[in-house]
Amino acid sequence: MTSGRRANGRSSIFKGSDGRWHGYVTMGVKDNGRTDRRHVQGPTEKVVTAKVRELERKRDDGTATAAGKSTTVGEWLAYWLDNIAARKVRPSTLQGYRSKVTAHLVPGIGAHRIDRLLPEHVEKFYRSCEKGGMAPATVLQLHRILSRSLKVAHQRGRVARNVCELVDAPSLSREEVQPLTTADARAILAVLDARPQRRNAARWSVALALGLRQGEALGLLWDHVDIDAGVIRVRWQLQRLTGYGLVLVEPKSRASKRSIVLPEQLAAALREHRAAQEAEREHARSLWDGQVSTLDGRQLDGLVFASVTGRPIDPRADWAGWKSLLRSAGVRDARLHDARHTAASILLAQGVAARVVMELLGHSQIGLTLGTYSHVAPELSRAAAEGIGGALWN
């Protein structure tokens, strides 16, 4: 490449009438179809030559930024959500990302140029969130969303570094679970036994005995329940998604798709529940609509736990039903998710191996199981000590 003007499509360097040196590099084609030709300038030919060669290198490496004004953090997050995250994560996860980006990240740091975002900008943003009373778990989620988007930006050469890697992630201490006691669980089941007319009573037996997540229980289909063999298969979750309503989605991990052996008592409860549901179906006649949509538009039939017309149960109504049951049983207030913790804690306290409990709960890593239910560890340690003592000295 030599000095002087060049034909369109080739790089050129020349000294202008203003006494400065100028360079033009053809980078490709803009979104509007026009040629993307970039201009650089400097006091000497050497300086401009270096700038031109750097642009040519980025063009040839595919790391040049798009033509036009510099991309802001908000613009990049919008692109990342619509074109990258949307292809990789579940719709419910994407919905959560989008709400946090819109409500917090864009107002907080969205106006910064992505290539000029500094660690200090991010740290001040996190600090303002914490001062505003935001939960530590939410701040950590914001950090993870921003970091994942900037990781892609770094891989594509849009930024020189992922500044989130230079910032300490917001700390989050593991919340200690508060399961119900075995006595509490028995009190709840006693209420269900005493009031067999309570609709979907087996829903709560399933929660306390198997530890299914709310979406897994409400998305359970009869096709995946083999009462005679005493096995259920978890294959779907019921979720409410913006623009879709209540739909069935596949579990987010391979571990969540699992088969669970039923206790005999629970199998009997499900058999009674199925008979009661059949009676409701006959009574509803033409009003019965047992169809539920999947995210990809398929129509499936036969929810195990459904409304009086066969339709899915709204998770909010399910939550209210749990709270009502706790009051009826005279048990302390607890989250619906605590029923899952109760099942896991009882299993571990009964000496069931942690890996078996992990598989029953659908955890993907045993560390999650052991870390979440560490409160059972002292009891298990005592049992282990008694066992080794009995084996060696008795």
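Keep in mind that what you see is a predicted model, and the values were worked out from it rather than measured.

K.L.:
Which residues make up the sheet that holds strand S4 (residues 225–226), and what values go with them?
P.N.:
Reading across the sheet, the three strands line up as S4-S5-S8 and stay open at both edges, with antiparallel pairing between neighbours. Strands at the two margins of the open sheet, each flanked by one partner only, are S4 and strand S8 (258–261). In terms of strand pairing, strand S5 (residues 231–234) meets S8 through four bridges, oriented antiparallel. In the strand pairing of S8, Val234 is matched with Arg258.

K.L.:
Lay out the layout of surface pockets in plain terms, naming residues and giving numbers.
P.N.:
Gaps between atoms show up when a probe of the same size as a water molecule is rolled over them. Space inside the largest pocket adds up to approximately 1,900 Å³. Lining the largest pocket are 36 residues; nearest its centre among them are Gln141, Arg144, Arg213, Lys252 and Leu368. Of all the elements in the fold, those that place two or more residues in the lining of the largest pocket are helix H3 (91–109), helix H5 (136–155), strand S6 (237–241), helix H11 (337–349) and helix H13 (366–372). Its residues assigned to classes, the lining of the largest pocket shows nine nonpolar, 15 polar and twelve charged. Examining the composition of the lining of the second largest pocket, we find that nine residues originate from one element, helix H9 (residues 264–284), more than from any other. Looking at the lining of the second largest pocket, its residues break down into 21 nonpolar, eight polar and six charged.

K.L.:
How would you explain the environment of Ala183 if you had to name every residue and give the values?
P.N.:
In this structure, Ala183 sits in helix H6 (residues 182–194). When the C-alpha atoms of Ala183 and Ser128 are compared, they prove to be 44 Å apart, with 55 residues separating the residues in sequence.

K.L.:
I'd like to hear about the sheet that holds strand S2 (residues 21–29), residue by residue, with values.
P.N.:
One open sheet holds the three strands; their spatial order is S1-S2-S3, and the pairing between them is antiparallel. Here the strands that pair on one side only, and so sit at the sheet edges, are strand S1 (12–15) and strand S3 (35–42). Pairwise comparison of adjacent strand axes, ignoring direction, gives a mean angle of 20° for this sheet. Pairing of S1 with S2, which is carried by four bridges, proceeds in the antiparallel orientation. Note on S2: the bridge partner recorded for Ser12 is Tyr24. Contacting S1, S2 and S3, helix H1 (residues 45–61) crosses the sheet at an angle of about 5° to S2.

Calculation criteria
Residues numbered from 1 in each chain as written. Predicted model: local features only at pLDDT ≥ 70, side-chain atom pairs only at ≥ 80, totals over all residues. Heavy atoms only, no water. Pairing = 2+ DSSP bridges. Helix = DSSP H or I, 4+ residues; strand = E, 2+ residues; numbered from the N terminus. 1 Å grid on protein atoms, 1.4 Å probe; cavity = no way out; pocket = protein on both sides within 12 Å on 5 of 7 lines; lining within 4 Å. Points joined across faces, edges and corners; volume = space filled by probe spheres on them. Nonpolar A, V, L, I, M, F, W, Y, C, P; charged D, E, K, R; others polar. Axes fitted to C-alpha atoms, helices over the stretch in contact; angles between N-to-C directions. Contact = heavy atoms within 4.5 Å.

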